Amino acid sequence: MRRRRVASIAASLALSGVLLGGGVAHAEGSWNSSIENWLTGLSSRSWSDKNTDATRTTVTFKGCHYDVLPKGPSHVSVEVMQNVSFGPDKYRGQKKLYCAVSGSADWGDMTKASYHFVLRKIDGTERSNDFLDVTSVVVKY
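None of these values were measured; they are calculated from a predicted model.

Novice: Help me understand the sheet that holds strand β8 (residues 132-140) in this model?
Specialist: Sheet strands pair via backbone hydrogen bonds, and the direction of the pair is either parallel or antiparallel. Across the sheet, which stays open at both edges, the 4 strands sit in the order β1-β8-β3-β6 with antiparallel pairing between neighbours. In this open sheet, the two strands that pair with only one neighbour each are β1 (30-38) and β6 (102-106). Strand-to-strand, the axes of this sheet are offset by a mean angle of 20°, without reference to chain direction. Direction of pairing for β1 relative to β8: antiparallel, over a ladder of 6 bridges. When the sheet's bridge partners are listed, W31 is paired in β8 with V139.

Novice: Any chance you could explain the side chain of D49 here in plain terms?
Specialist: Position of D49 relative to the elements: it lies in strand β2 (residues 47-49). There is no salt bridge for the buried D49, and the closest opposite charge comes from K50, which lies 8.6 Å off by N-O distance. Reaching out from D49, the side chain makes a polar contact with the backbone nitrogen of N51 at a distance of 2.7 Å.

Novice: Before we go on, may I ask you to explain the packing of aromatic side chains in this structure?
Specialist: For any pair of aromatic rings, the description rests on two quantities: the centre-to-centre distance and the angle between the ring planes. In this structure the tally under the stated criterion is 6 aromatic pairs. Here W47 and Y115 contribute two aromatic rings whose centre-to-centre distance is 6.3 Å and whose plane-to-plane angle is 35°, an arrangement assigned as tilted. Taken together, the positions of W47 in strand β2 and Y115 in strand β7 (residues 113-122) put the pair 68 residues apart, joining distant regions of the chain. Each member of the aromatic cluster is reached from another via a ring pair, and the members are W31, W38, W47, F61, Y115, F117 and Y141.

Reading guide: rules and limits
Residues numbered from 1 in each chain as written. Predicted model: local features only at pLDDT ≥ 70, side-chain atom pairs only at ≥ 80, totals over all residues. Heavy atoms only, no water. Pairing = 2+ DSSP bridges. Helix = DSSP H or I, 4+ residues; strand = E, 2+ residues; numbered from the N terminus. Axes fitted to C-alpha atoms, helices over the stretch in contact; angles between N-to-C directions. Buried < 20%, exposed > 50% of the residue type's maximum accessible area, 1.4 Å probe, protein only. Lys, Arg positive; Asp, Glu negative; His and termini not counted. Salt bridge = Lys/Arg side-chain N within 4 Å of Asp/Glu carboxyl O. Polar contact = N/O pair within 3.5 Å; in protein donor to acceptor, adjacent residues only side chain to side chain. Phe/Tyr/Trp six-rings, centres within 6.5 Å; stacked < 30°, edge-to-face > 60°.

In short, the description is geometric, and any link to function would need to be established separately.
Here it is as structure tokens:
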């Protein structure tokens, strides 16, 4: 009876290991932050994608607000740039995020390099006098 119980517990633990993460692909890295008082043209912190997995690079904004208007923008445009030591950074694409509630954009599986994003447009406009606040910024790579 004791052997059966030990075997049953071992089988349960093995099964829970499979269900809770065994064999599940996880992002190589991610970071969470927020944005306060941003205008177009400002950049995020950088991150290094070692490209050790096939995870796609995504940027998610949740809870966008203007500093003076009660209603936030309907969308923002974010551009991912590859950091280049000597010379201009390399453009990797601009995406629109619908972030009044939550919006996400996907740049695909990026090559091994260091990256950052730049806020390019707010509601389709490159120049804005209103500061942008974002409650939650999540970058996965």
